[in-house]
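One letter stands for each residue in the lines below.
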Amino acid sequence: MAATSIRYASKPENKSTIYLVNTGEAPAIKGLKKEQQDFIAAQQANNNSSYYFPHQDTIVFVSVPEVKKDQLHLTHENCRKAGHVLCGMVNKMKLDTVQIVNQSAIEQAQIYFAEGLVLSNYQFIKYFKDAAKKKNSLKQVIVTGNDATKKEVDQLAIVAESLFAVRDMVNEPVLSFNSVDLGKMVLKTAKSYGFKAEVWNKKKIVANQFGGLLAVNMGSVVEPTFSILEWKPANAKNKAPIVLVGKGVTYDTGGLSLKPTPDSMDHMKCDMTGAATVLGTFMAIAKAKLNLHVIGLIPSTDNRINGAEYTPGDIIKMHNGLFVEVLNTDAEGRMILADALSYASRFKPELVVDIATLTGAAARAIGPWGHAIMGNAGEEVLKEFKKAGEEVHERAVEMPFWEDYAEKMRSSIADLKNVGGADGGAMTAGKFLEFFTDYPYVHNDIAGCSFTNAEMSYRGKGGTGYGMRFLYRFLKNRAR
Ligand code: BES
Ligand code: ZN
Ligand code: ZN
């Protein structure tokens, strides 16, 4: 779906308006009638944090974002959530344009509110016969006045456009978005956004000995792809590139170690969220012309069964020459990421960051409210990620990265095995991946955040696109 358009206006126009106001205050609006004033007073008496009423030929909306004392990030998150609530009201009133005016004391309330509003306006309705009838009315959001700058508004537009593209890819079932389709999408996007991309077919993947990716692909009727993306502006600030690696499992049945269906296999089209996130981040960095050299790597296949699939007990030679004993075919993400991580070494990177829906263990440890991060790139780098996570409210929770976890991955018959037992599953997976790296490395496990059955405010329902805003913010902070 095309992103809702967002524009900046220095002064409010004569349009339906959302006023952001302080707790306990009424909006300052000229020419209100007595009954309108009474209505506002009644809402205040009820502590109602969002309401609306007709005024002249427009509709006035009022939103009161909750302030968290001394916690600006949480206050900003409340602004996004308030934007989500108002999105529903604006669409209920069938408006196509709405402008935002900040009369609250919250600094930058408008831009965060606008973010929540715009991100909530996403819909994935193409598979309804009467999609046109279900379509939201809201098409344009205007951010007014001096609480936000045109630059911030432009940035929000870039993020919304990229995030919607990520959500579309995640929501698309594997039947219409497999590894080959993902490769085509990479090429198409590269062309229109102006970054470089190359997509390998199976022959090239075989020639490059990506044993892990090929093993997982054995059970598939679709060929694997490996996409290489590059954004290298002339003014790049970093000498060695930053490499982003995304897990592109377009569907995860678990393979022979089959997943049970309810609440487990049924949404596994989301297992390429890391890949979509990397592509979405490239859309954003190219559009914003970030002065950083960034490379993206996306190994992609589905994980299923066709009679020729890899099996527990198999031993696979990986791209870096290590042998892996497969003890669970459902631990496929690490098999395909390992090859991509090993390949990343040739770029002599400053930093490699992967993002993957890797383990149920990470999802259980943190839930959908944040994601697991770990690595060996040093405290300062991890701090940058945690800061970016706080800023976009895709919060990164640092996990231990102890050698003890690596020990759990040793096999008695090969260099490694692909499962490490019941304890610390998110970390044993991360340590497994570290065996394929020889550079500063950070691992993001977003398994708990990529998909939601129940609406989660402005993250929506279905594919959330979680991770794109986080990665882009990290890079943007570095680019400054
Ligand atoms: N794709 C799953 C992880 C996942 C779980 C993603 C929930 C999204 C939501 C991954 O490939 C997987 O199946 N991991 C196994 C690993 C285990 C066999 C070591 C898991 O977590 O159960
Ligand atoms: Zn799996
Ligand atoms: Zn998976």
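Now for a quick tour of the structure. (Residues numbered from 1 in each chain as written. Chains lettered and ligands numbered in written order. Predicted model: local features only at pLDDT ≥ 70, side-chain atom pairs only at ≥ 80, totals over all residues. Heavy atoms only, no water.)

Observations concerning the sheet that holds strand β12 (residues 315-317)
Next, step 1: With respect to topology, 3 strands assemble into an open sheet ordered β12-β13-β17, the strand pairing being mixed. Bordering the open sheet on either side are β12 and β17 (416-417), each of which pairs with just one other strand.
Next, step 2: Inspection of the sheet shows strand β13 (residues 323-325) paired to β17 by 2 bridges, in the parallel sense. Considered in β17, the bridge of Val324 is made with Leu416. (Pairing = 2+ DSSP bridges. Helix = DSSP H or I, 4+ residues; strand = E, 2+ residues; numbered from the N terminus.)

Focus on a nonpolar patch on the surface
Next, step 1: A surface patch of nonpolar side chains, amounting to about 260 Å² of accessible area, comprises Leu256, Leu258 and Ile305.
Next, step 2: If you trace the backbone, Leu258 turns up in the loop between β10 (248-252) and α9 (261-265). (Patch = residues over 30% accessible without salt bridge, like charges linked within 9 Å, V, L, I, M, F, W, Y side chains within 5 Å. Areas by Shrake-Rupley, 256 points an atom, 1.4 Å probe, with all protein chains shown as cover. Salt bridge = Lys/Arg side-chain N within 4 Å of Asp/Glu carboxyl O.)

A word on helix α2 (residues 72-92)
Next, step 1: With 21 residues, α2 extends 30 Å between its outermost C-alpha atoms, agreeing within 8% with the 30 Å of an ideal straight helix rising 1.5 Å per residue.
Next, step 2: Positive phi shows up at Lys94, right after α2, with a value of about 60°. (Expected span 1.5 Å × (residues − 1).)

Digging into the coordination of the zinc ion (ligand 3)
Next, step 1: The protein atoms that coordinate the zinc ion (ligand 3) are Lys247 (NZ), Asp252 (OD), Asp271 (OD) and Glu332 (OE), at distances of 1.9 to 2.4 Å.
Next, step 2: Here the zinc ion (ligand 3) binds 6 donor atoms, and the angle range of 78 to 172° at the metal identifies the geometry as octahedral.
Next, step 3: Here the zinc ion (ligand 3) and the zinc ion (ligand 2) are spaced 3.2 Å apart, with Asp252 acting as a shared donor. Here Asp271, found in the loop between α9 and α10 (273-287), pairs with Glu332, found in the loop between β13 and α11 (333-344); they are 61 residues apart in sequence, far enough to count as distant. For the pair shown, Asp271 and Glu332 are each scored as buried. (Donors = N, O, S within 2.8 Å, 3.2 Å for Na, K, Ca; no water. Tetrahedral: all angles 85-135°; square planar, octahedral: opposite > 155°, others 65-115°. Buried < 20%, exposed > 50% of the residue type's maximum accessible area, 1.4 Å probe, protein only.)

Some remarks on the coordination of the zinc ion (ligand 2)
Next, step 1: Protein coordination at the zinc ion (ligand 2) comes from Asp252 (OD), Asp330 (O), Asp330 (OD) and Glu332 (OE), with a distance range of 2.0 to 2.2 Å.
Next, step 2: One can describe the donor arrangement at the zinc ion (ligand 2) as irregular, given that its 6 donor atoms subtend angles of 71 to 167° at the metal.
Next, step 3: Donor residues for the zinc ion (ligand 2), ordered by position in the chain, follow D-x77-D-x1-E.
Next, step 4: Take Asp330: its relative accessible area is 22%, and that puts it in the partly exposed class.

A closer look at the environment of Asp38
Next, step 1: Assignment of secondary structure puts Asp38 in helix α1 (residues 34-45).
Next, step 2: Under the relative-accessibility criterion, Asp38 is labelled partly exposed at 39%.
Next, step 3: There is a polar contact of 2.7 Å between the side chain of Asp38 and the side chain of Lys34. (Polar contact = N/O pair within 3.5 Å; in protein donor to acceptor, adjacent residues only side chain to side chain.)

Side note on the site of ligand 1
Next, step 1: Around ligand 1, the structure places 15 residues, and the nearest of them are Asp252, Lys259, Asp330, Glu332 and Gly360.
Next, step 2: At 2.9 Å from an oxygen atom of ligand 1 is found a side-chain nitrogen or oxygen belonging to Asp252.
Next, step 3: Here an oxygen atom of ligand 1 sits 2.8 Å away from a polar atom, N or O, in the side chain of Asp330.
Next, step 4: The protein chains hide 77% of the 530 Å² of surface that ligand 1 would expose on its own.
Next, step 5: Of all the cavities here, the one that holds ligand 1 is the largest pocket.
Next, step 6: Partitioning the shell around ligand 1 into residue classes produces 4 nonpolar, 4 polar and 7 charged. (Near = heavy atom within 4 Å. 1 Å grid on protein atoms, 1.4 Å probe; cavity = no way out; pocket = protein on both sides within 12 Å on 5 of 7 lines; lining within 4 Å. Sits in = over half its atoms within 2 Å of the grid points. Nonpolar A, V, L, I, M, F, W, Y, C, P; charged D, E, K, R; others polar.)

Observations regarding the sheet that holds strand β4 (residues 58-63)
Next, step 1: With mixed pairing, 6 strands are arranged side by side in an open sheet as β1-β6-β5-β2-β4-β3. Edge positions in the sheet fall to β1 (5-9) and β3 (50-55), since each of these pairs with one other strand and no more. Across this sheet, the average inter-strand angle for adjacent strands is 25°, counted without regard to direction.
Next, step 2: In terms of strand pairing, strand β5 (residues 97-102) meets strand β6 (residues 140-144) through 4 bridges, oriented parallel. Across the sheet, residue Ile100 finds its bridge partner in β6, namely Val143. (Axes fitted to C-alpha atoms, helices over the stretch in contact; angles between N-to-C directions.)

Looking at the side chain of His443
Next, step 1: You can see His443 is positioned in strand β18 (residues 441-445).
Next, step 2: A polar side-chain atom of His443 sits 2.8 Å from a polar atom in the side chain of Asp354.

Focus: the packing of aromatic side chains
To describe a pair of aromatic rings, one takes the distance between the centres and the angle between the planes.
Next, step 1: Counted by the stated rule, this structure contains 17 aromatic pairs.
Next, step 2: Every member of this aromatic cluster is reached through a ring pair, and the members are Trp200, Phe210, Phe226, Tyr343 and Phe347.
Next, step 3: The lysine or arginine in question, Lys431, covers the ring of Phe401, its NZ or CZ lying 4.2 Å from the ring centre. (Phe/Tyr/Trp six-rings, centres within 6.5 Å; stacked < 30°, edge-to-face > 60°. Lys NZ or Arg CZ within 6 Å of the ring centre and 35° of its normal.)

Let's talk about the layout of surface pockets
Rolled over the atoms, a probe sized like a water molecule indicates the empty space that remains.
Next, step 1: Approximately 940 Å³ is the volume found for the largest pocket.
Next, step 2: Around the largest pocket sit 39 residues that line it, and Lys259, Met268, Thr359, Gly360 and Ala447 are the ones nearest its centre.
Next, step 3: It is helix α12 (residues 360-366) that contributes the most residues to the lining of the largest pocket, 4 residues altogether.
Next, step 4: Among the residues forming the lining of the largest pocket, the class breakdown is 13 nonpolar, 15 polar and 11 charged.
Next, step 5: Approximately 590 Å³ is the volume attributed to the second largest pocket.
Next, step 6: Lining the second largest pocket are 22 residues; nearest its centre among them are Glu152, Gln155, Arg473, Lys476 and Arg480.
Next, step 7: Listing elements by their share of the lining of the second largest pocket, those giving two or more residues are α2, α3 (109-120), α5 (150-171), α13 (379-392) and α16 (468-479).
Next, step 8: Top contributing element to the lining of the second largest pocket by residue count: α5, with 5 residues.
Next, step 9: For the lining of the second largest pocket, the residue count by class is 9 nonpolar, 4 polar and 9 charged.
Next, step 10: Structurally, the lining of the second largest pocket is a two-domain feature, drawing no fewer than three residues from each of domain 1 (5-148) and domain 2 (160-479). (Points joined across faces, edges and corners; volume = space filled by probe spheres on them. Domains from an automatic or database assignment.)

Remarks on empty space enclosed by the protein
Next, step 1: In the structure shown here, the tally under the stated rule is 1 cavity of 30 Å³ or more.
Next, step 2: The calculated volume of the largest cavity comes to roughly 40 Å³.
Next, step 3: Leu119, Leu163, Arg167, Glu394, Tyr458, Arg459, Thr464, Tyr466 and Arg469 together form the lining of the largest cavity.
Next, step 4: Taken together, the residues of the lining of the largest cavity break down into 4 nonpolar, 1 polar and 4 charged.

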